[in-house]
Amino acid sequence: MQVLNSSFRDIYAGGYVFKHDNIVYRCINKAYKENYDFLISSGLYDKLVMDEILVSHEEISNIEQFNMFSDDVYKIIKPIQLPYISYPYEWSFHQLKDAALLTLKVLLEALKYNMILKDATAFNIQFYKGRPIFIDTLSFEKYNEGSVWQAYSQFCRHFLAPLALIAYCDYRMYNLSINFLDGIPLDYASKLLPLKTIFKAGGGLLMHLHLNSKIHQKAVKDSGNHKQLHLKKQSLLNLIENLINTVSNIHYNTSKGQSNWNGYYSFTNYDKEAFHTKENLLLEFINKCDSKYKVVDLGANNGHFSRIVSHQYPESIIISSDLDYHAVDENYKLIQSDEKYKNIYPVITDLTNPAASIGWANTERDSFIERIKNSDITLALALIHHITITNNVPFNKFAEFFASFTKYLIIEWVPKDDSQTMKILDEKIGDYSYYTSENFEQAFGRHFVILEKVAIENTKRTIYLMKLK
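Described below are features of the structure shown in this document.

The rules we used
- Residues numbered from 1 in each chain as written.
- Predicted model: local features only at pLDDT ≥ 70, side-chain atom pairs only at ≥ 80, totals over all residues.
- Heavy atoms only, no water.
- Salt bridge = Lys/Arg side-chain N within 4 Å of Asp/Glu carboxyl O.
- Helix = DSSP H or I, 4+ residues; strand = E, 2+ residues; numbered from the N terminus.
- Buried < 20%, exposed > 50% of the residue type's maximum accessible area, 1.4 Å probe, protein only.
- Disulfide = S-S within 2.5 Å.
- Axes fitted to C-alpha atoms, helices over the stretch in contact; angles between N-to-C directions.
- Parallel < 35°, antiparallel > 145°, perpendicular 65-115°, else oblique.
- Left-handed = near helix turned anticlockwise from the far one by under 90°.
- Contact = heavy atoms within 4.5 Å.
- Nonpolar A, V, L, I, M, F, W, Y, C, P; charged D, E, K, R; others polar.
- Phe/Tyr/Trp six-rings, centres within 6.5 Å; stacked < 30°, edge-to-face > 60°.
- Lys NZ or Arg CZ within 6 Å of the ring centre and 35° of its normal.
- Expected span 1.5 Å × (residues − 1).
- Polar contact = N/O pair within 3.5 Å; in protein donor to acceptor, adjacent residues only side chain to side chain.
- Core = buried A, V, L, I, M, F, W, Y, C linked by side-chain atoms within 4.5 Å.
- Pairing = 2+ DSSP bridges.

In this section: the pattern of salt bridges. If charged atoms from side chains of opposite charge come close, those side chains can pair. Considering all chains together, one arrives at 23 salt bridges under this definition. In this structure, the salt-bridge partner of lysine 142 is glutamate 34, at a minimum N-O distance of 2.9 Å. Taken together, the residues span a long stretch of sequence, with lysine 142 in strand β9 (residues 140–142) and glutamate 34 in helix α1 (residues 33–41) at a distance of 108 residues. A residue is classified by how much of its surface remains accessible, and lysine 142, at 33% relative accessible area, is partly exposed. By relative accessible area, which is 54% here, glutamate 34 ends up exposed. Through salt bridges with shared partners, a single ionic network connects Lys278, Glu412, Asp418 and Arg461.

Turning our eyes to something else, we now look at the state of the cysteines. Scanning the model with the defined rule gives zero disulfides in all. We note that cysteine 156 lacks a disulfide partner, and the nearest cysteine sulfur, in cysteine 169, lies 17 Å from it. Owing to a relative accessible area of 0%, cysteine 156 belongs among the buried residues under this scheme.

Let us now look at the packing of helix α4 (residues 152–168) against helix α7 (residues 233–248). The interhelical angle for the contact between α4 and α7, taken along N-to-C directions, is 15°, at an axis separation of 11 Å. In terms of orientation, α4 and α7 fall into the roughly parallel class. Viewed along their axes, α4 and α7 form a crossing whose handedness is left-handed. Here Tyr152, Phe155, Cys156, Leu160 and Leu163 of α4 come into contact with α7, specifically with Leu239, Leu243, Thr246 and Val247. For the contact of α4 with α7, the class distribution of residues is eight nonpolar, one polar and no charged.

The next thing to look at is the packing of aromatic side chains. Each aromatic ring pair is specified by the distance between its two centres and by the angle formed by the two planes. In the structure shown here, the tally under the stated rule is 34 aromatic pairs. Centre to centre, the rings of phenylalanine 402 and phenylalanine 405 are 6.2 Å apart; their planes meet at 55°, and the pair counts as tilted. Note on accessibility: phenylalanine 402 and phenylalanine 405 belong to one class, buried. The rings of Phe395, Phe398, Phe401, Phe402, Phe405, Trp413, Tyr432, Tyr434, Tyr435, Phe440, Phe444 and Tyr464 are connected pair by pair, giving a single aromatic cluster. Sitting over the face of the ring of phenylalanine 38, lysine 142 holds its NZ or CZ atom 5.1 Å from the ring centroid.

Before going further, it helps to examine helix α8 (residues 272–287). If you check α8, its first and last C-alpha atoms are 23 Å apart, about what 16 residues at 1.5 Å a residue would give, namely 22 Å. Every buried residue of α8 is listed here: Ala274, Phe275, Lys278, Glu279, Leu281, Leu282, Leu283, Phe285 and Ile286. Of the surrounding elements, those touching the buried residues of α8 are α9 (304–312), β13 (375–380), β14 (406–413), β15 (448–455) and β16 (462–468). Capping the start of α8, aspartate 271 holds a side-chain oxygen 3.2 Å from the backbone nitrogen of glutamate 273, two or three residues further along.

So, on to the nonpolar core. Ranked by size, the top nonpolar core spans 68 residues in total, and within it Phe140, Trp149, Phe155 and Ile250 carry the most contacts. The greatest single-element share of this core, amounting to 12 residues, is contributed by α4. In this view, phenylalanine 155 contacts Ala100, Thr103, Leu104, Ala120, Trp149, Leu160, Leu243 and Val247; residues no more than four positions away in its chain are not counted. Grouped together as the second largest cluster of nonpolar side chains are 43 residues, Ile358, Phe402, Ile411 and Tyr464 included.

Glancing now at the sheet that holds strand β11 (residues 317–322). Here we have seven strands laid out as an open sheet, ordered β12-β11-β10-β13-β14-β16-β15, and mixed in their pairing. Of all strands in the sheet, those with a lone pairing partner are β12 (344–348) and β15, marking the two edges. Each strand axis lies, on average, 15° off the axis of its neighbour in the sheet, ignoring direction. Both β11 and β12 contribute to a ladder of five bridges, which runs parallel. By the bridge assignment for β12, isoleucine 318 is matched with isoleucine 344. Contacting β10 (294–298), β13, β14, β15 and β16, helix α13 (residues 395–403) crosses the sheet at an angle of about 140° to β14.

In structure tokens form, the structure reads like this:
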């Protein structure tokens, strides 16, 4: 049994998540017995599962198999196994917005059954089958009439602050979330936001962010005064409805965002025939791989080739990663619009600085590389010139990178005289004579066997199929 590092904070309270034989389980402590039993008996669990907004689980009768020598254990449950875990600092605007609205939807439903969410962290949400889903079964507790929502400020830090900063300051503000794992401090967000936001989002930002930050600061100063707050249930419901309206009224059009690669496929140097040839070659190469469940598409842009793979191999999961914020958001919205692409997981990733292992002891949240380990196939299409020339990463380092997590590699060689490479070289100073297909093959050949390579007709490019040695 291995307790997951992301779950240790609740180990003496409600319970924790652990792995056994590579399967994820959740231990429920006796301290949470009353709340868990009420969640199940009240009908709330069944309603949320039926609405597909809470992960379902099964109770395990034979807990002796886990060798858990503790009198605190009440139950062991086995939730549905999520194929891929992503984090809020890897989500685009509409992913975060949908996650926020789902949290509030779960909260409203819980109150109908006299329960409430004791926390509102964005880490309670994952994406599954193309939609956000609530994963923390132990977040529910009985609601007492007159109680305030203790997680209100946490919700505003995790969701409202980053959404407002992205929409009204700069999309790159999403990066703040990686430095503030319990949400962006409201006073900090209030200082960064322009004055006009007082009147934006239906006036909700004034109440839930600007004034909330002042109230929170005052509460910290008056921490010695333990005045009990009371809030009628209807007032609480009004607060939540106002939060829903506020979040819904925050808009950011990522399709028109300033971006180097947004709309990339509209100005690529491929003609239609060559582009179609590339699509067919990709599928032919994937078909030759003996395992194809976990596919990683690096530099996926808006996910065009991820969708090609998804359509052909609906039983696979595809982690569709790109540096470009706007392209990832477009990818997510395209997935939302079509049921057949629900096995794609879009994430924002800078391959030259991918999400690291962070949090307590640098182990609480796994790195991007750790989460894509043991991939069956990795796609690196039209990527190598950006990494090797733009970012000065040598071929051998790039090859080592792929060898650390994937079995098969489908990579596109883009030569120096390709029009896209020439654009990059026009902005660079230095000697790039090393950038040859011979040096590329030699470096990658140290880690991979080159199974096949095919030149793409009407282009200067070549696609390689490689297998880890």
